[in-house]
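A look at the structure
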Amino acid sequence: MRRRAGVRVPAGEALRNNNFRRRVFDQAAESIGPAGLTPHELRHPAASLAVAEGANVKAVQRVLGHAGAPRSSTA
């Protein structure tokens, strides 16, 4: 096995979203409580935390794929 982004991946196997969700994310989400939590639901809270810690709003906007900063910077 080799490591890719901190996740153990069997040699020759691609790290795909469904693999990651099944092997890592779903188990971690279940252990903290919210049933049915998805990675997509963490995008905006993560962006808000990044901006609160001083990240450049334009950079966060690009990561989220938003066309304009107002959509990214309003509550």
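As the structure is a prediction and not an experimental result, all values here were calculated from the model. (Residues numbered from 1 in each chain as written. Predicted model: local features only at pLDDT ≥ 70, side-chain atom pairs only at ≥ 80, totals over all residues. Heavy atoms only, no water.)

Okay, the overall build of the protein chain next. Across its full length, the protein chain carries four helices and two strands. If you list the helices and strands of the protein chain from N to C, you get β-β-α-α-α-α. Taking all 75 residues of the protein chain together, 17% fall into the buried category. Partitioning the intrachain contacts of the protein chain with sequence separation of at least 6 by distance along the chain shows that 0% fall at a separation of at least 24. For the protein chain, the computed accessible surface area is about 5700 Å², with 55% contributed by carbon and sulfur atoms. (Helix = DSSP H or I, 4+ residues; strand = E, 2+ residues; numbered from the N terminus. Buried < 20%, exposed > 50% of the residue type's maximum accessible area, 1.4 Å probe, protein only. Contact = heavy atoms within 4.5 Å. Areas by Shrake-Rupley, 256 points an atom, 1.4 Å probe, with all protein chains shown as cover.)

This next bit is on the confidence of the model for the protein chain. Summing up the model confidence of the protein chain, the mean pLDDT is 76 and the portion of residues at 70 or higher is 71%. Per-element confidence in the protein chain is highest for helix H2 (residues 43-52), whose mean pLDDT is 92, and lowest for strand E1 (residues 2-4), whose mean pLDDT is 46. (pLDDT = per-residue confidence, 0-100.)

Scanning the entire structure with this criterion turns up one salt bridge. Arg-21 serves as the salt-bridge partner of Asp-26, at 3.3 Å between the closest nitrogen and oxygen. (Salt bridge = Lys/Arg side-chain N within 4 Å of Asp/Glu carboxyl O.)

Once that is clear, we can look at helix H3 (residues 57-64). Those residues of H3 that fall on the buried side of the exposure criterion are Val-60, Gln-61 and Leu-64. Buried residues along H3 cover an arc of 105° about the axis, so they all sit on one side. Opposite the packed face of H3, turned more than 90 degrees from it, sit the exposed residues Arg-62 and Val-63. The backbone nitrogen of Lys-58 has a side-chain oxygen 2.7 Å away, supplied by the residue at the start of H3, namely Asn-56. Two residues or fewer after H3 comes Gly-65, characterised by a positive phi angle close to 80°. (Arc of directions from axis to C-beta. Polar contact = N/O pair within 3.5 Å; in protein donor to acceptor, adjacent residues only side chain to side chain.)

Below, the discussion takes up the packing of H2 against H3. Contact geometry for H2 and H3: axes closest at 10 Å, N-to-C directions at 165°. As the angle between them shows, H2 and H3 are arranged roughly antiparallel. Crossing hand, H2 versus H3: right-handed. Note on element contacts: H3 touches H2 through Val-57, Val-60, Val-63 and Leu-64, opposite Arg-43, His-44, Ala-47, Ala-50 and Val-51. Tallied by class, the residues present in the contact of H2 with H3 amount to seven nonpolar, one polar and one charged. (Axes fitted to C-alpha atoms, helices over the stretch in contact; angles between N-to-C directions. Parallel < 35°, antiparallel > 145°, perpendicular 65-115°, else oblique. Left-handed = near helix turned anticlockwise from the far one by under 90°. Nonpolar A, V, L, I, M, F, W, Y, C, P; charged D, E, K, R; others polar.)

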